[in-house]
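Given next are the chains, with one letter for each unit.
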Amino acid sequence: MYDVQSVYQAKSVQDAIEALGKDERAMIVSGGTDVWVQNREGKHAGLPFVSIHGLPEITGVRIEEDGTLVIGAATCFTDITASPLIQRHVPMLGEAVDQVGSPQIRNVGTIGGNVCNGVTSADSAPSLFALDAQLKLQGAMGERIVPITEFYTGAGKTVRAHDEVLCEVRIPKESYEGVYGQYIKYGKRNAMEISTLGCAVTVKLGNQKLVRVRIAYGVAGPTPLRCFEAEAELVGKPVGKETACLAADLAVQAIRPRTSWRASKEFRLHLAHELCTRAMEQAMEKAGGKIND
Amino acid sequence: MSVGESITRVDAVQKVTGQAKYTADLAPKNVLYAKLVHATIANGRVLSIDGGEAEKVNGFVKLVTCFDVPKTQFPTPGHPWSVEKAHQDVSDRTLLSERVRLYGDNIAVVIAQSSLAAAKAARLVKAEYEEYAPLMSAKEALAHTEHPLHEEKPDNLIAHSHFTVGEESYEQAKAEEPDCLELVKNYQTQTVQHCHLEPAQSYAYMEGDRIVVVSSTQIPHIIRRIIGQALSLPLGRIRVVKPYIGGGFGNKQDALVEPLAAYLTTVVGGKPVMVELSREENFTATRVRHAIEFDTRALVRRDGTLIARKLSAYSAQGGYASHGHSIVANSTAAFKQLYRDRKALECDAYTAYTTMPTAGAMRGYGIPQSDFATECMSDDLALMLHMDPIDFRLKNCVQAGYKDPHTGITFYSYGLEECIQKGKKAFHWEEKRKEYAHQTGDIRRGVGMAIFIYKTGVYPISLETAGARLTLNQDGSVMLQMGATEIGQGADTVFSQMTAETVGITEDRVHIVSTQDTDYSPFDTGAYASRQTYVSGMALKGAAELLKKRILDYAAEVLNRPAEELDIRQNNIVQAKDGDVLLALAKLAEEAQYSLKHSVHISAEYSHHCTDNTFSSGACFAEVEVDIPMCRVKILRILAVHDSGTLINPKLAEAQVHGGVSMGIGYGLYEEMLFNEKGKPLNDNLLDYKLPTAMDSPDMEVEFVQVEDPTGPYGNKALGEPPAIPPAPAIRNAVLNATGVAVDSLPLSPQKLFEHFVRAGLIKEEQGNV
C-alpha cells in the first residue's frame with residue numbers, strides 16, 4: 001500500500017502536461033522504481049501522481065533522417081539493451097543500463113526516470129554525457145532541447161520544470177558514428193548495486209591517434225560530469241597505455257569526489273584513475289587501436 | 001530403507017506453488033495493524049510523547065506509549081528455562097522503553113485499521129528526549145559508565161568469564177621457552193544480520209481469557225513461556241502457533257514481537273492485532289550477530305608446535321541482553337576445542353551493553369567470530385614460521401577422542417583430519433601454493449583454508465529435551481507431530497525419513513504436521529544450535545520404536561504368533577526371519593481401529609531428555625583472484641568438506657552447506673551493518689547492506705566425510721550451522737596468500753582492501769586536485 005492521493009494514468013504527453021499544470025503538488029512517475037521506493041519511506045506522501053508509464057509516443061528507439069538516434073524517455077532498460085539500433089550504434093549505452101539494479105528493475109525502470117531523478121549515480125548518465133546526449137523536454141510553453149551537460153543543477157536537481165515531461169534522449173550522428181566507448185561501473189557487488197563510481201569514455205581514432213575524446217564520471221561530484229580540459233588536451237595523442245594513463249591523470253583533476261560512508265574521497269579518487277585508465281584502453285581497443293604493453 | 005536417501009522435501013510442492021501458509025497469510029480479515037515508533041537517538045531517555053497529530057490520521061485506533069505499558073522486566077532469548085536462578089537469562093526488557101538504549105529503540109506503538117494508516121500515524125508521533133553519547137563498541141561502553149544502559153549493570157558489563165587449560169600460565173610458558181616466536185594480534189568481526197526473507201511478524205487475538213499468538217518463530221514453546229513472563233500471565237492462558245516460516249537463522253530463536261502483539265490485543269478488547277516489521281526494522285529492532293574483538297597472543301616453537309595462547313574477547317551486546325554472555329562464552333570455547341596448546345591457554349571474555357542493535361543468536365552462535373580469529377592466527381603463525389598452513393594445523397589441531405576438559409563434550413566420531421586431506425587433494429593444494437608463491441602484477445591469485453569444530457546440541461550447558469508423537473491412521477499411514485520446528489532447513493523431511501526408517505514403512509505413508517501449536521504439539525525447545533536431527537531425532541526414534549512395538553503386539557494378537565517373530569517392512573507385517581509378507585499394515589490398522597472384539601487406537605508419544613553431545617568438524621578451501629587496483633576479490637573456487645556423521649538426506653545436506661557457504665562469503669567479503677557517529681544505522685536495507693547476490697556467488701563444491709556417530713540416533717550429528725563458519729577465514733587466508741596482505745577484520749570490503757593495499761605499497765595514492 002502506498003500513501004498517495006491519486007494516481008492518474010495520462011493518455012498522452014500533452015495530457016500529462018495538463019494534469020501536472022492543474023496541481024503544483026502533482027508528481028510525475030514512470031516506471032516507479034525510484035518514486036515508489038521513496039514513497040514507502042514517507043517521501044512525497046499523500047501527493048497526486050501523474051503516470052506516463054508506457055506512453056507509446058515516448059517509448060522505443062528509432063533513428064531520424066539526419067541519423068540522430070532517439071530513445072523515448074519511457075523506454076525501459078531491458079528494451080534499450082535489447083534494441084538492435086542501440087546494439088549497432090551505441091552498444092556501451094545498452095551495456096551501461098544493463099547494470100542497473102536487477103532484471104526486475106530493468107524491466108520497468110526507464111531511461112527518462114534515470115535521468116530526471118537527478119542523481120549522480122544513475123548508470124545511464126556517464127555514457128549519455130560521453131555521447132553528447134540532448135534531452136527533449138515538452139511543457140505547456142512548448143518544446144526545448146537541453147544538452148545533458150546543462151541538465152543537472154545539483155544533487156537531485158535538474159532544469160526540468162514542474163510541468164515539463166522529458167520525451168526524448170537524442171544522440172547526434174557525429175557523436176556515435178565511428179565512436180567507440182566503454183562504461184565501467186564500480187560497485188561492491190555484481191548486481192543490485194548502486195554505483196560507487198562510474199566512468200564512461202568514448203573515443204574516435206584516426207591514424208592511431210585520438211581525434212575525439214569524451215570522459216565522463218558518475219559519483220565523482222554532486223552531478224554526473226564531463227572532463228572537458230582533459231579531453232581537449234588528449235586530442236592528437238597516440239593510442240597506447242601511456243595515453244590511457246595520461247587521460248586518467250588529467251581526468252582526476254576535474255573531479256570532486258567526497259567521503260561518504262560508502263567510500264572515502266581517497267578511494268574514489270583512486271578508482272576514478274583506475275577506471276578511466278581501463279575504460280580508455282578498452283575504448284581505444286574497440287576503436288581498432290593497438291595497445292602494446 | 002529411508003535414512004541416507006535423497007528424497008524430495010516433503011514441503012517442496014506446497015512451498016513452490018504458494019500453498020504453504022505463513023503468518024501473514026493466516027491473519028484474519030479484520031486484523032488491526034500495529035506500527036512501532038522508534039527512538040531517533042541512540043542513548044538517552046524519553047521525556048514526553050505527543051500523539052496529537054497521529055490521532056488525526058484516518059483509521060487511527062490507539063497509541064500506546066512507553067509510559068503506558070507494564071514495568072515488568074522479562075528475558076527474551078530462546079533458551080530452555082533454567083530452574084536455577086543463577087543460570088536464568090537476564091530479564092532486562094519491557095514491552096516499550098522510556099530508557100532509550102539504541103537508535104530505533106521501541107518507545108511507542110500505534111494501532112490502526114490498515115498498515116498504511118499505522119505507518120502514517122507512527123511517523124507523526126513526536127517525542128522529546130534527554131540525550132547521552134552513544135556507546136558503539138564493547139571497549140567504549142566499558143570505559144564510559146556515566147549513564148549505564150541498565151541500572152542492574154552499573155559498569156555496562158553483563159558478564160566476564162575466564163578459563164584456562166593447562167597447569168601453567170602463558171607468562172610461565174613464555175619464560176620457559178625463550179626460543180619461541182610470539183604473535184600478537186587483534187582480530188575483529190563485524191555486526192551482521194540474518195536477513196531471513198520473512199521479516200519478524202506475529203499477530204495475536206483473544207479467545208475468552210486466553211491469548212493466541214501466531215508467529216514466525218523457531219521456538220513456539222519457549223515463546224509461550226516468555227509471553228507469560230512479560231504479561232505476568234500463567235502459561236496455560238497462552239497459546240502459540242507456528243506456521244511455515246521464511247527463515248530464521250537464529251534471529252527467531254528469541255522473543256521478537258510476540259510479547260508486544262500479545263499485549264496489544266488485550267488493549268483493544270481481544271481483537272486481532274498484527275505486528276509486522278519492515279526490512280529496516282528487521283535490521284535494527286530484532287537481533288544481529290555480535291561484533292567480537294579478540295586481543296590475542298600466541299607462542300610457537302620454531303618447529304610449529306603451539307605452546308600457549310592468551311586472549312581477551314570483547315563482545316558488543318547492543319542495548320539488551322538477549323542471549324548475552326552465552327555467545328562469547330561459546331565463542332571462546334572454540335580456542336580450546338580446535339587447537340592443542342602444549343602448555344597453556346588463558347582466556348577472558350567480556351560482554352558489554354552498547355547502544356547498538358541487540359545481538360542475539362545467529363547461525364554458529366559465536367563460533368564464526370572465534371573461527372575467524374583462530375584461523376587467521378594459524379595462517380599468520382604459519383607465515384611467520386615459513387610453514388605450510390595445513391601442516392601447521394595438522395600438527396596442532398584437535399585429535400580423535402578429544403574431550404572438553406570443562407564440559408566433558410566428546411568428539412565421538414572424528415573426521416577432521418580426513419576432511420583436511422580430502423580437501424587438500426581435491427584442491428591441488430601443494431601445486432597451487434607453489435604456483436602462487438612469487439607473483440607480481442595487478443592481478444594475483446591465492447589459495448587459503450580454514451578448519452572448525454562445532455558441538456551439536458547445548459548439553460550440558462542447557463537442558464536438552466524433546467518430544468514426538470505418532471498416531472497410526474486406519475489406512476496404515478502415520479501422523480507425525482514434532483515439537484521441533486521446520487524453519488526451512490528440511491526438518492520435516494528428515495523427521496519423515498527417520499519415521500519411515502524405524503517403523504518400517506515408506507515415506508509416503510508418513511504425514512507430518514508441520515505446524516506447532518502449543519495447545520497440542522509435543523514439547524520441544526525448538527530449532528536452534530544444530531540439535532534437532534540429533535536431540536529431537538532421539539525422541540522421534542523412541543516414539544517410532546514404541547509405535548512399532550505396539551503395532552507388532554497387535555499383529556501378534558491378530559496373527560496369533562509371538563511378536564518377536566514379526567517385523568514391519570515396506571508397509572507390511574512380515575515374518576522377521578525371511579521377510580515373508582503376512583499382512584498389509586493397512587489391513588491391520590483398519591482392524592485395530594474398528595475391531596468389534598478389541599479396538600485399540602495405536603499411537604506412541606515419547607519424550608527424551610538428552611544427556612549427551614558430540615562434535616562436528618570440517619574444512620573450507622578457497623581460491624581467489626585479487627584485482628589489486630580495483631580492490632576486489634573474486635572467488636574462483638570454494639570447497640567445503642564436512643564431518644557431520646551419517647547423512648540423513650545427502651541432497652538436503654548439500655543444500656544446507658550451500659546456504660552456509662553463501663552466508664560465509666557474505667560474512668567474509670560483503671556484509672556489515674554501518675552506523676554514523678550518532679549511532680544511527682546507515683545501511684538498514686538490502687540495497688546498502690551487501691548480501692552477496694547470485695552474480696557474486698561461485699559454484700559451491702561440497703564433500704562429506706561420513707563417520708557414523710555412536711551417540712546420534714541415526715549416526716548423525718550437527719550440520720545446520722557449521723557450513724557458515726569457515727568460509728570467511730578461508731577467503732581471508734587466500735587473499736593473504738595472493739597478496740601477502742593480512743586483513744585482520746571482517747569484511748574484506750573494497751574500502752578496507754584499498755587502505756591495506758596503500759599501506760602495503762601495492763597501491764600508490766592519487767593526489768587529484770582535492
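Residues numbered from 1 in each chain as written. Chains lettered and ligands numbered in written order. Predicted model: local features only at pLDDT ≥ 70, side-chain atom pairs only at ≥ 80, totals over all residues. Heavy atoms only, no water.

1. Some points on the confidence of the model for chain B
We count it as follows: Across the chain, each position has a pLDDT score giving the predictor's confidence in that residue, from 0 to 100.
Put simply, chain B has an average pLDDT of 97, and 99% of its residues get 70 or more. Under the prediction, the complex receives an ipTM of 0.96, its pTM being 0.97.

2. What about the nonpolar core?
Note the cut-off: Nonpolar cores are built from buried Ala, Val, Leu, Ile, Met, Phe, Trp, Tyr and Cys residues. Side-chain atoms within 4.5 Å join them into one set. Only protein chains enter the accessibility calculation, which uses a 1.4 Å probe; a residue is then buried when its area is under 20% of its type maximum, exposed when over 50%, and partly exposed in between. Per the convention used, a helix needs a DSSP run of H or I reaching at least four residues, while a strand needs a run of E reaching at least two, with both numbered from the N terminus. Contacts are residue-level and defined by heavy atoms, with any inter-residue pair within 4.5 Å sufficient.
Counting residues in each nonpolar core, the largest one holds 133 residues, and the members touching the most others are Ile 215, Tyr 217, Ile 255 and Met 280 of chain A together with Ile 451 and Ile 731 of chain B. Ranked by the residues each element gives to this core, the list is headed by helix H12 (residues 265–286) of chain A, at 10 residues. With residues near it in sequence (within four places) discarded, Met 280 of chain A still touches Val 201, Val 203, Val 213, Ile 215, Leu 234, Ala 244 and Ala 247 of chain A. By size, the runner-up hydrophobic cluster in this structure holds 57 residues, among which are Leu 32, Ile 211, Ala 261 and Leu 277 of chain B.

3. Comments concerning the packing of helix H10 (residues 325–338) of chain B against helix H11 (residues 367–385) of chain B
Residue and element names in this part refer to chain B. The cut-off we apply is this: To define axes, lines are fitted to C-alpha atoms, for helices over the stretch in contact only, and angles between the resulting N-to-C directions are given on a 0 to 180 degree scale. An angle below 35 degrees is read as roughly parallel, one above 145 as roughly antiparallel, one from 65 to 115 as roughly perpendicular, and any other as oblique. The handedness criterion is simple: a crossing whose near helix is rotated anticlockwise from the far helix by less than a right angle is left-handed, and one whose near helix is rotated clockwise is right-handed.
It is the contact of H10 with H11, at a shortest axis distance of 8 Å, that shows an interaxial angle of 40°. Considered as vectors, H10 and H11 are oriented oblique to each other. For H10 against H11, the interelement crossing comes out right-handed. Counted together, Asn 330, Ser 331, Ala 334, Phe 335 and Leu 338 of H10 and Ile 367, Gln 369, Ser 370, Asp 371, Ala 373, Thr 374 and Glu 375 of H11 form the full contact between these two elements.

4. Brief notes about the domain arrangement of chain A
Residues and elements named next belong to chain A. Just so we agree on the cut-off: Throughout, the edges of the domains are those of an automatic or database domain assignment. In this description, buried area is defined as the sum, over both parts, of the accessible area (probe of 1.4 Å) that is lost when the two are combined. Counted as salt bridges are all cases of a side-chain nitrogen of Lys or Arg within 4 Å of a carboxyl oxygen of Asp or Glu. By the criterion applied in these results, polar contacts are pairs of N or O atoms within 3.5 Å in which, for protein atoms, one can donate a hydrogen and the other can accept it, and in which residues neighboring in sequence qualify only through two side-chain atoms.
On domain assignment, one finds that chain A holds domain 1 (4–50), domain 2 (59–175) and domain 3 (180–286). The C-alpha centroid of domain 2 is placed 20 Å from the C-alpha centroid of domain 1. The partner domain 2 presents 15 residues to the 16 residues of domain 1 that form the contact. At the boundary of domain 1 with domain 2, total buried surface from both sides reaches about 1100 Å², with 62% on carbon and sulfur atoms. The tally of links from domain 1 across to domain 2 stands at 0 salt bridges. Viewed at the interface, domain 2 and domain 1 are joined by 4 residue pairs in polar contact (both at pLDDT 80 or more). The element best represented in the side of domain 1 that touches domain 2 is helix H1 (residues 13–22), accounting for 6 residues.

5. Examining the pattern of salt bridges
Tallied over the entire structure, the rule returns 68 salt bridges over all chains. In this structure, Arg 106 of chain A engages Asp 98 of chain A in a salt bridge whose closest nitrogen and oxygen atoms are separated by 3.3 Å. We classify Arg 106 of chain A as buried; its relative accessible area is 14%. Among the salt bridges present, the one from Glu 176 of chain B reaches Lys 343 of chain B, with a minimum N-O distance of 2.8 Å. Residue Glu 176 of chain B is found in helix H6 (residues 170–176), and its partner Lys 343 of chain B is found in the loop between H10 and strand E15 (344–353); the two are separated by 167 residues along the sequence. Taking the relative accessible area as the measure of exposure, Glu 176 of chain B reaches 44% and is therefore partly exposed. Through salt bridges with shared partners, a single network forms among Arg 62, Glu 64, Lys 136, Glu 143, Glu 168 and Arg 170 of chain A.

6. Re the interface of chain A and chain B
Here is the rule we go by: Note on residue classes: Ala, Val, Leu, Ile, Met, Phe, Trp, Tyr, Cys and Pro are nonpolar, Asp, Glu, Lys and Arg are charged, and everything else, Gly too, is polar.
With 33 residues of chain A in contact, the opposing surface of chain B contributes 37 residues. Between chain A and chain B lies a buried interface of about 3200 Å² when both sides are counted; carbon and sulfur atoms form 57% of it. Looking at the side of chain A facing chain B, the largest losses of area belong to Lys 188, Arg 189 and Trp 261 of chain A, adding up to 22% of the total buried there. The interface formed by chain A and chain B includes 5 salt bridges. Taking the shortest distance from any N to any O, the salt bridge between Asp 688 of chain B and Arg 262 of chain A comes out at 2.7 Å. Taken together, the links from chain A to chain B amount to 15 residue pairs in polar contact (both at pLDDT 80 or more). Broken down by element, the residue count for the side of chain A that touches chain B peaks at 10 residues, all from H12 of chain A. Here the residues of the side of chain A that touches chain B sort into 15 nonpolar, 7 polar and 11 charged.

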